[in-house]
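One letter stands for each residue in the lines below.
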Amino acid sequence: MGPLIDALPFSYTVSVIALGAAVLGLTAGVLGTLAVLRQRTLVGDALAHATLPGVCVAFIATGAKDASTLLVGAGAFGLIGALLVVGLERSGRTRPDAAIGVMLSSFFALGIVLLTYIGSLNQSGQAGLESYLFGQAAGLVERDVTIMAALGLGALAVVAALFRPLKSTLFDADHAAAGGLPIRALEVVMTALLVVAIVIGVRTVGAILMVAMLVVPAAAARQLTGRLAGVLVLAGLIGATVGVTGALLSAQSGLPTGPVIVLVGFLVVLACLLLAPGRGILWRARKLARDRRRLLVEGVLIDLETALHGGPPPTQHELALASGRPRRALRRALGDLERTGALARDGERIYLSESGAASVHAVLERRDLWSAWLEHGWRLELPDAREPDPRDLRASLGDEHADRLRALAAEARA
Amino acid sequence: MSSDLIILLTAGLTATACGLLGPFLVLRRNALMSDAVAHAVLPGIVVAYLIFQTRAPLPIVAGAAVFGIICVLGIDALRGTGLVKWDAAIALVFPALFALGVIGISTYASGVHLDLDSTIYGEIAFAPFLSLDVLGAELPRTVVLGFAAVAANLAFVALLWRKLKTTSFDPQYAQAVDVSPARMSRLLLVAVAITAVISFESVGAILVVTLLIVPAAAAHLLTDRLTAMIAITVAIGWASAIGGLSFASAADASIAGMMGVVAAGCFVLALLAGPRYGLAARAIRRRRAGRRARVALGAAREAGAPS
């Protein structure tokens, strides 16, 4: 760790904190993704709460305060919690949500009892245990970060080694089981990895909010890509970024680290949910608005062509009457057309320019082709069963088939 | 009233208020939503303190209810986008709200006489020192609030009894007869938010979840009848209050935490020794069925000996 710490442009303590937070974010991001994709996020919440009594028991047993010893206790209780949650879910009567809730709150209550009990012993050095509730990055020392990094690297190596079977299991567990993969064993591995991630993070983020660190990177990365490898890598990067930003902000302001990291992460997720290309809420809204506008403009173009076909060039008022469109929509569409140079005006009267006429033809041809496809498509004997793209039928069918389709339609009309 | 009695009453009433709602949460599989809401009321408490500069119950209850609603609607909205699954939606919203509350407390702690410790441990040990002026009479604040919470929840459950019951057991039928299960769930979670904030002073923001879920889950293992389930839940709540109080003073540990541990003990007991759904009863039933099958098999073999 030494050279890495020297390489960072911060003071020694800040570098240690930043490095620790990066390790935590990276592992929580990658390993949390495995839980999020299986919809087992809240089991992670229960396990994070279960580490609290583990830390206390380790402290009572050894009297040690260094984070590394306490990690062992946290890990042991995390695993016990994981086994109990699964056991309780399978015991029949208790539903999964109640099982998680019971485990989470029982372990937490036990942790609080032990924490206050230790407090009443009045031993020196017990004060640090409280930081496991809300997290504290400030107390990290180089040795802790080294151990965290070793644990994290081991866990990431397991993910890399088991990538294909994990992928099959996450994508379709039943299919993977039918293919002979040991699903139960893989789920145990994933839960154990989750415990590793929690153990690495709980000291810095705190038991109560650790779950957010598992979800935030996965939820953000999932918006940005649909491929598992991509989600895992991005989640790791996002987690590390969020962790470092939050830890440094908290170290600077003296606020508890966990809440600051969680709020930073929440903002990142929110941004991804709103803006992610192809999926984000605002992105989809913009696309919808554009599609609607395009349809409106095309419709007005056709209305205008129809009117020109039947008589003299119409005024805007006449066009509104003929097409029955709201005036505002019509005005907007005409504005768009004017800007692209599709319109020509003769005083009040509107008619199509040369380029306008060309685009009307293109639109009409596209629509004709589409209705021909709906009516005669079945006679085409396409080489494959793909659905063609309705926005550009000619390109997705190929010229040869499109021409054949037109011939079929013409034949049927005649 | 002696101070021990005040603490006991506070604990018992808190457990009762939670116990009236818990069974519905468990039956409707809303246990984790109640966890989320109980966390999410924290910023409401802080905001109410900051705006009104008072610890009077009403503004704080209002603030908590607002944030409880924000939490529920936020989770619903996030799920509604289809971009994240329900569990991730819960795990995104409530930590963010809770973190907001924690940061609010850390920043303005001195101004509002509120600190992180009381968020976690509650202040039930101080219950005897707080009083509330009710119509000229000085009554212990936490007990009065506890009674109010129990009364409110009792009224809530009694008034909506049929609707709550139908939507809990058969949501599709309820939907068909025009009782919306989703709306009932939201109402229930608002009640949870209000209960959580009243219980906040005595048991803290997080252990209230223990009292909401654990006794009800234990009762769920013991009975099939809703009224019996509620009665058992409340009884376990009082047992946790009494047990928690005595063990806590013996071990010199947090009363609220010890209440949770006793409740968890009751759950384990119900899980192991429940008459019908307990693990022991199931094992015995399985063994008996196995023996009967073996006997029947033996008889069949004897009867069909010639072949």
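Quick note: structure is the one above.
What counts as what
Residues numbered from 1 in each chain as written. Chains lettered and ligands numbered in written order. Predicted model: local features only at pLDDT ≥ 70, side-chain atom pairs only at ≥ 80, totals over all residues. Heavy atoms only, no water. Helix = DSSP H or I, 4+ residues; strand = E, 2+ residues; numbered from the N terminus. Rg over C-alpha atoms; globule rule 2.2 N^0.38 Å. Buried < 20%, exposed > 50% of the residue type's maximum accessible area, 1.4 Å probe, protein only. Areas by Shrake-Rupley, 256 points an atom, 1.4 Å probe, with all protein chains shown as cover. Axes fitted to C-alpha atoms, helices over the stretch in contact; angles between N-to-C directions. Parallel < 35°, antiparallel > 145°, perpendicular 65-115°, else oblique. Contact = heavy atoms within 4.5 Å. Nonpolar A, V, L, I, M, F, W, Y, C, P; charged D, E, K, R; others polar. Salt bridge = Lys/Arg side-chain N within 4 Å of Asp/Glu carboxyl O. Buried area = accessible area lost by both parts, 1.4 Å probe. Polar contact = N/O pair within 3.5 Å; in protein donor to acceptor, adjacent residues only side chain to side chain.

Participant: How should I be thinking about the overall build of chain A in this particular structure?
Facilitator: Along chain A, the regular secondary structure elements total 19 helices and two strands. Against the globule reference of 22 Å for 414 residues, chain A gives a C-alpha radius of gyration of 31 Å, more extended than a compact globule. Principal-axis analysis of the C-alpha atoms places the extent of chain A at approximately 100 × 50 × 45 Å. The 414 residues of chain A split such that 48% are buried. On chain A, roughly 19100 Å² of surface is accessible, and the fraction owed to carbon and sulfur atoms is 61%.

Participant: Looking at this model, I keep getting lost on the packing of helix 13 (residues 257-275) of chain A against helix 14 (residues 281-310) of chain A. Mind explaining?
Facilitator: The description of two packed helices rests on the angle between their axes and on the distance between the axes. Residues and elements named next belong to chain A. Orientation of helix 13 relative to helix 14, taken along the N-to-C sense of each, is 15 degrees, at an axis distance of 3 Å. As far as their axial angle goes, helix 14 and helix 13 are roughly parallel. For the pair helix 13 and helix 14, the contacting residues are Leu-273, Leu-274 and Leu-275 in the first and Ile-281, Leu-282 and Trp-283 in the second. Its residues assigned to classes, the contact of helix 13 with helix 14 shows six nonpolar, no polar and no charged.

Participant: Looking at this model, I keep getting lost on the pattern of salt bridges. Mind explaining?
Facilitator: If charged atoms from side chains of opposite charge come close, those side chains can pair. Residue and element names in this part refer to chain A. Within this structure, the stated rule accounts for 18 salt bridges over all chains. Asp-291 is paired through a salt bridge with Lys-287; the nearest N and O atoms lie 2.9 Å apart. You can see Asp-291 and its partner Lys-287 sitting in helix 14, four residues apart, about one turn around the helix. Judged by relative accessible area, Asp-291 falls into the partly exposed class, the value being 27%.

Participant: Help me understand the interface of chain A and chain B, please; the structure alone is not making it clear to me.
Facilitator: Interfaces are frequently sized by the accessible area removed from exposure as the parts join. If you look at the interface, chain A gives 52 residues, while chain B gives 60 residues. In total, about 4600 Å² of surface goes out of reach between chain A and chain B, with carbon and sulfur atoms giving 74% of it. Asp-224 of chain B is paired through a salt bridge with Arg-93 of chain A; the nearest N and O atoms lie 3.0 Å apart. Counting the contacts that link chain A with chain B gives 17 residue pairs in polar contact (both at pLDDT 80 or more). Secondary structure elements with two or more residues in the side of chain A that touches chain B: helix 3 (41-62), helix 5 (96-121), helix 6 (131-134), helix 11 (210-224), helix 13 and helix 14 of chain A. Here the side of chain A that touches chain B gets 17 residues from one element, more than from any other, and that element is helix 5 of chain A. Split into classes, the residues belonging to the side of chain A that touches chain B amount to 33 nonpolar, 11 polar and eight charged.

Participant: Would you take a moment to explain the environment of Ala-77 of chain B for this structure?
Facilitator: Residues and elements named next belong to chain B. When you line up the elements, Ala-77 lands in helix 3 (residues 57-80). According to the relative accessible area criterion, Ala-77 is partly exposed, its value standing at 48%. Once the C-alpha coordinates of Ala-77 and Arg-294 are considered, the two residues, 217 residues apart in sequence, prove to be 56 Å apart.

Participant: In this structure, what is going on with unusual backbone geometry? I would like to understand it.
Facilitator: Trans peptide bonds make up the majority, and among non-glycine residues the majority have a negative phi. Non-glycine residue Gln-39 of chain A carries a positive phi angle of around 60 degrees. In this structure, Gln-39 of chain A sits in the loop between helix 2 (12-37) and helix 3. Of note in the backbone geometry, Asp-178 of chain B takes a positive phi value of approximately 70 degrees without being a glycine. Structurally, the position occupied by Asp-178 of chain B is in the loop between helix 8 (171-176) and helix 9 (181-222). Residue classification places Asp-178 of chain B among the exposed positions, given a relative accessible area of 70%.

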